[in-house]
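# Structural overview
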Amino acid sequence: MWSHPKDFHALQQELKAGKQRFTDLVQHYLEQIQQQNNAINAFIEVWEEEALQKAAFYDEHPEDLPPLAGLILGIKDNLCYKGHKVTAASKILEGYEAVYTATALQRLIDKGAIILGRLNCDEFAMGSANLYSYYGPTRHPLDLTRVPGGSSGGSAAAVAAGMVTAALGSDTGGSIRQPAAFCGVIGFKPTYGRISRYGLIAYASSFDQIGPITLSVRDAALLYQAMAGKDPMDNTSVNQPVEPWETIQWQQPPKVAYFKEILEDPALHPQIKNAMEKLIENLKNKGIVVEGVAFPYLEYVVPTYYVLTTAEASSNLARYDGVRYGFRAQAQDIEELYVKTRSQGFGKEVKRRILLGTFVLSTGYYDAYYAHAQKVRRLMKNYTEELFKQYDFIVSPTTPTPAFRANERPDPVAMYLNDIYTVFANLTGIPAISIPFQERVERLPIAHQWMAPWFKEAQLFSFIKHYL
Ligand code: GLN
């Protein structure tokens, strides 16, 4: 009945024309989940009844459909949805129910989106392979022996496998873009402050952003626009007009930079390098100036990112003490309660990061690590500001390799290096989108990433429409 993949835009045409019923669409996704989820493990929980009820309501009231009716959405398990369970894929939040709804999610619901369920991810969004979940790993839809990427691996896998129209993820260092790249779908991280973080379970607050994972760039733009804008509940959300992108005209072709060090990076898979070179040639043939620029920070991005994010995480995760949320260990006194709850409730990777973060913030090491990393972050921001005086966009591969096998990154540093091309956008706060290449490596998707100046999302979407 419903052939897939169809992006929201295409589905909506059919729904509005009355060719299909909303209930059938939700049923279609439920069937897909039933057939595929055992193997892929993308959904942690499906809210079937609610979704069907809302679909039935739309079928009965076709005269007055809200703008996002027909958007059947999955949400990463770190977004609060009032009255629904949310755990950040951690044992420590087992049984916890959200007491309010994330602003970004509420804005989509208000415009008619149907929320189908919550999606697997790395515990507290820490990871690049979706291997660190209390609910077990999510698997790559095209090859079950491989990882879908992380930490929003459930979101990317669900979209790629056709279990939802689109999904929400969160991106602290690449967790939307990297799994989107591995799974062959679109992943978009807006400018820091564009979308409210209210109701997003915090990992590293000065990096975290909510964003969409979709089947088309058009859908990514649509969801972004629906979620963006100032929120009084999040003081870091920014009051900047969200411009329409469809009407932007280009007087002259934009100028694009790429980082020479990334194209020369020995870790970059030769076929991804090839695809990048072809892309750059094609752009040049369209009259776009594309120039290689020096990027002196490549070896510093990952260390800087991990010093700062673990510091913020150690502070953010201090609230899980067994008293206020979710899981509580058996204990005789309060000291034992804290120790046992946190020892039993957090997984290995989360503990590693809390320890690392506590270390870099401790007296005696603060200046050497945390303060130093803040300075490097500032230098990167300054460098980026200068660069965007000369160029409109930066292009790079999203990841050094296609999806790897579950056992191929056994040591943590090798795992951290998967984010080497994505963390830059989070360190500087600029918007970035991952788009699949036409080429694949064997059967596996690979992707390119486009970064724009702060708050130039509309220009980025318009550029993609006109030039890619
Ligand atoms: N893989 C990175 C990390 O583990 C990014 C995570 C994210 O963006 N949430 O921190």
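Values in this document were obtained by computation on a predicted structure and should not be read as measured data.

### As for the environment of Thr138
- Take Thr138: it is sitting in the loop between strand S3 (114–119) and helix H5 (153–160).
- Residue class for Thr138 comes out buried when judged on its relative accessible area of 1%.
- Those residues within four positions of Thr138 in sequence are excluded, and the remaining contacts are Ile40, Asn41, Ala42, Asn120, Asn130, Pro148, Gly153, Gly154 and Ala157.
- Of the polar contacts made by the side chain of Thr138, one reaches the side chain of Asn120; its length is 3.2 Å.
- Among the polar contacts listed, one links the side chain of Thr138 to the side chain of Asn130, at a separation of 3.3 Å.

### Remarks on helix H2 (residues 22–40)
- Between its terminal C-alpha atoms H2 stretches 25 Å, which fits the 27 Å expected from 19 residues at 1.5 Å a residue.
- Taken as a whole, H2 carries its principal kink of about 35° at Gln34.
- Three or more residues of H2 are buried, namely Phe22, Thr23, Leu25, Val26, His28, Tyr29, Leu30, Gln32, Ile33, Asn37 and Ile40.
- Directly beyond the C-terminal end of H2, a positive phi value near 60° is found at Asn41.

### Quick word on the packing of H2 against helix H3 (residues 48–60)
- Contact geometry for H2 and H3: axes closest at 7 Å, N-to-C directions at 155°. Of the possible angle classes, the one that applies to H2 and H3 is roughly antiparallel. In this structure, H2 uses Phe22, Thr23, Val26, Gln27 and Leu30 to contact H3, whose residues at the interface are Glu48, Ala51, Leu52, Ala55, Ala56, Tyr58 and Asp59.

### A closer look at the packing of aromatic side chains
- Summed over all chains, the structure comprises 36 aromatic pairs.
- Centre to centre, the rings of Phe182 and Phe404 are 5.7 Å apart; their planes meet at 90°, and the pair counts as edge-to-face. Linking Phe182 in helix H6 (residues 177–183) with Phe404 in the loop between strand S9 (393–397) and helix H14 (412–416), this pair joins segments that are 222 residues apart in sequence. For the residue pair Phe182 and Phe404, the accessibility class agrees, reading buried in each case.

### Quick notes on the site of the ligand
- Residues in contact with the ligand amount to 15 residues; listed here are only the nearest, Thr172, Gly173, Ser175, Tyr203 and Tyr305.
- One of the backbone nitrogen or oxygen atoms of Thr172 is found 2.7 Å away from an oxygen atom of the ligand.
- Measuring from an oxygen atom of the ligand, one finds a side-chain N or O atom of Arg353 at 2.8 Å.
- Its free accessible area being 290 Å², the ligand has 100% of it covered by the protein chains.
- Considering only residue class, the shell around the ligand consists of 5 nonpolar, 7 polar and 3 charged.

### Looking at the side chain of Asp7
- For Asp7, the location among the structural elements is in the segment before helix H1 (8–16).
- For Asp7, a relative accessible area of 10% gives the class buried.
- Asp7 has contacts with Thr165, Leu215, Ser216, Arg218 and Asp219, leaving out every residue within four places of it along the chain.

### Quick word on the pattern of salt bridges
- Overall, the coordinates contain 17 salt bridges when judged by the stated rule.
- Here Arg218 ties to Asp7 by a salt bridge, and the two come within 3.4 Å at their closest N and O atoms. Residue Arg218 is found in helix H7 (residues 217–227), and its partner Asp7 is found in the segment before H1; the two are separated by 211 residues along the sequence.
- Put simply, Glu439 and Lys278 hold a salt bridge, and the shortest N to O gap is 3.0 Å. In this pair, Glu439 sits in strand S10 (residues 432–441) while Lys278 sits in helix H9 (residues 270–285), placing the two residues 161 residues apart along the sequence.
- Overlapping salt bridges, with partners in common, bring together Glu45, Asp77 and Arg118 in one network.

### Side note on the pairing of S3
- Across the 6 residues of S3, 6 count as buried, placing the element largely inside the fold.
- Pairing analysis gives 3 bridges linking strand S1 (residues 43–46) to S3, with the strands arranged antiparallel. Looking at the pairing, Glu45 lines up with Arg118 of S3.
- Bridge count for strand S2 (residues 72–76) against S3 is 5 bridges, and the pairing is parallel. Bridging across to S3, Ile75 finds its partner in Arg118.
- Taken together, S2, helix H4 (residues 103–110) and S3 form a β-α-β motif whose crossover is right-handed.

### Here's the deal with the state of the cysteines
- Applying the stated criterion across every chain yields a total of 0 disulfides.
- This cysteine, Cys80, is not joined by any disulfide, and Cys121 carries the nearest cysteine sulfur, 12 Å off.
- Cys121 supplies the cysteine sulfur nearest to Cys183, a cysteine that is in no disulfide, at a spacing of 14 Å.

What counts, and at which threshold
Residues numbered from 1 in each chain as written. Predicted model: local features only at pLDDT ≥ 70, side-chain atom pairs only at ≥ 80, totals over all residues. Heavy atoms only, no water. Helix = DSSP H or I, 4+ residues; strand = E, 2+ residues; numbered from the N terminus. Buried < 20%, exposed > 50% of the residue type's maximum accessible area, 1.4 Å probe, protein only. Contact = heavy atoms within 4.5 Å. Polar contact = N/O pair within 3.5 Å; in protein donor to acceptor, adjacent residues only side chain to side chain. Expected span 1.5 Å × (residues − 1). Bend = angle between axes of the 7 residues up to and from the residue. Axes fitted to C-alpha atoms, helices over the stretch in contact; angles between N-to-C directions. Parallel < 35°, antiparallel > 145°, perpendicular 65-115°, else oblique. Phe/Tyr/Trp six-rings, centres within 6.5 Å; stacked < 30°, edge-to-face > 60°. Near = heavy atom within 4 Å. Areas by Shrake-Rupley, 256 points an atom, 1.4 Å probe, with all protein chains shown as cover. Nonpolar A, V, L, I, M, F, W, Y, C, P; charged D, E, K, R; others polar. Salt bridge = Lys/Arg side-chain N within 4 Å of Asp/Glu carboxyl O. Pairing = 2+ DSSP bridges. Right-handed = clockwise from strand over helix to strand, strands pointing away. Disulfide = S-S within 2.5 Å.

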